[in-house]
Amino acid sequence: MADELLNLIKSYHSISIIGMSKNAGKTTVLNKIMEDLEGVNHSLSLTSIGLDGETLDLVTNTSKPAVYVRYNTIIATSKNLIKYCDITKEILENTYINTPLGEVIIMRSLSDGYVYLCGPSITSQVKHICDIFKGYGVDKIIIDGALSRKTMADPSITDGTILCAGASLNKNMDIVIEETVNTCNLLCLNSIYDDRIRSILLKRSPLENIVFINHDHSFKAFNKNILDDYNTILDNVDHNTEYIFIGGAILDSLFNKILISNKINKDIKLIFEDGSKVFISKKIYDRLLFKGINIYVLNKINLIAVFINPFSSLGYDFHKDEFKEKLKSKLSLPIMNAVE
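Residues numbered from 1 in each chain as written. Predicted model: local features only at pLDDT ≥ 70, side-chain atom pairs only at ≥ 80, totals over all residues. Heavy atoms only, no water.

Draft legend 1. Representation of the pairing of strand 12 (residues 241-246) within the structure. Counting buried positions along strand 12 gives six out of six residues, so the element sits mostly inside the fold. Judged from the five bridges that link them, strand 10 (residues 210-214) and strand 12 form a sheet pairing that is antiparallel. Residue pairing in the sheet places Asn214 in a bridge with Thr241 of strand 12. Pairing analysis gives four bridges linking strand 12 to strand 14 (residues 269-272), with the strands arranged parallel. Bridge assignment links Ile246 to a residue of strand 14, and that residue is Phe272. (Buried < 20%, exposed > 50% of the residue type's maximum accessible area, 1.4 Å probe, protein only. Helix = DSSP H or I, 4+ residues; strand = E, 2+ residues; numbered from the N terminus. Pairing = 2+ DSSP bridges.)

Okay, here's the thing in structure tokens:
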């Protein structure tokens, strides 16, 4: 698998690894990537998004797997976890970013060994950590995404994303496959192709979370949190509206309003920031497609591959070949077994 994996990731400077659930195989994939890259003399940097909500006690009891790093890896982790890392280390700098487990510290491994990761959970802070990594001239930046934090696939943070799906999500293989395919479809939403529309949206104020663009390219923008006021959208749609941009996280509740409204139809295109911000069920997504509503994103995510873990920590397993082949029949992405 080494050559295949290296070929998948070779063109990406920064990579995020996100999971559909706990025990999806993220740490296994992360360790494999680092092992393979070490064989081609790539310098690496590494952090994670938070700590999957786990406490320090759970970490020290090894409920969260440690990550095996090689000599000369640049690591960002929280201060209180450093003493549990069994590497010889060099502290490089403070970040002044605080987590429940202390300030995030940048360090370099001076030996091979295991480390525990707990980085920032705020997008802007993660970007800052990546900027620090770049200053050390590393070949690859890897971010271990926390449970259900698929926003770390945000293309403004990493160049490419790996999705991990495991049997632990549900005892029913078909349900796991259905949810994985839906997640992939949302992550891979196409970017808006009209340069004039992109220019309008890229020049907007960061506070303008709702933008209506008309057929003549005139527009109006609102400084509103869509989670607080869904009606802003429906109240401002008229016959001139061609595009509606909605920033922030998008949930089923918004799309339910869209589906029951006659104001938004196949002649209006919806645009979101990127696929990591769209949290909707397959049922709702299928209804939108049936109604002919077009959905685009401002920034397309590069989903590199899907890794599967057919083994569950809950005492049941999937047939590995059946799991893989069923996913391959529904996705055009590379599908790889994380535990092989």
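Draft legend 2. Summary view of the packing of aromatic side chains. Within the structure shown, the criterion is met by six aromatic pairs. Relative to Tyr114, the ring of Tyr68 lies with its centre 4.9 Å away and its plane at 70°, an arrangement referred to as edge-to-face. One end of the pair, Tyr68, is in strand 3 (residues 67-69); the other, Tyr114, is in strand 7 (residues 113-115), with 46 residues separating them in the sequence. Using a relative accessible area of 26% as the deciding quantity, one classes Tyr68 as partly exposed. Its relative accessible area of 42% is what places Tyr114 among the partly exposed residues. (Phe/Tyr/Trp six-rings, centres within 6.5 Å; stacked < 30°, edge-to-face > 60°.)

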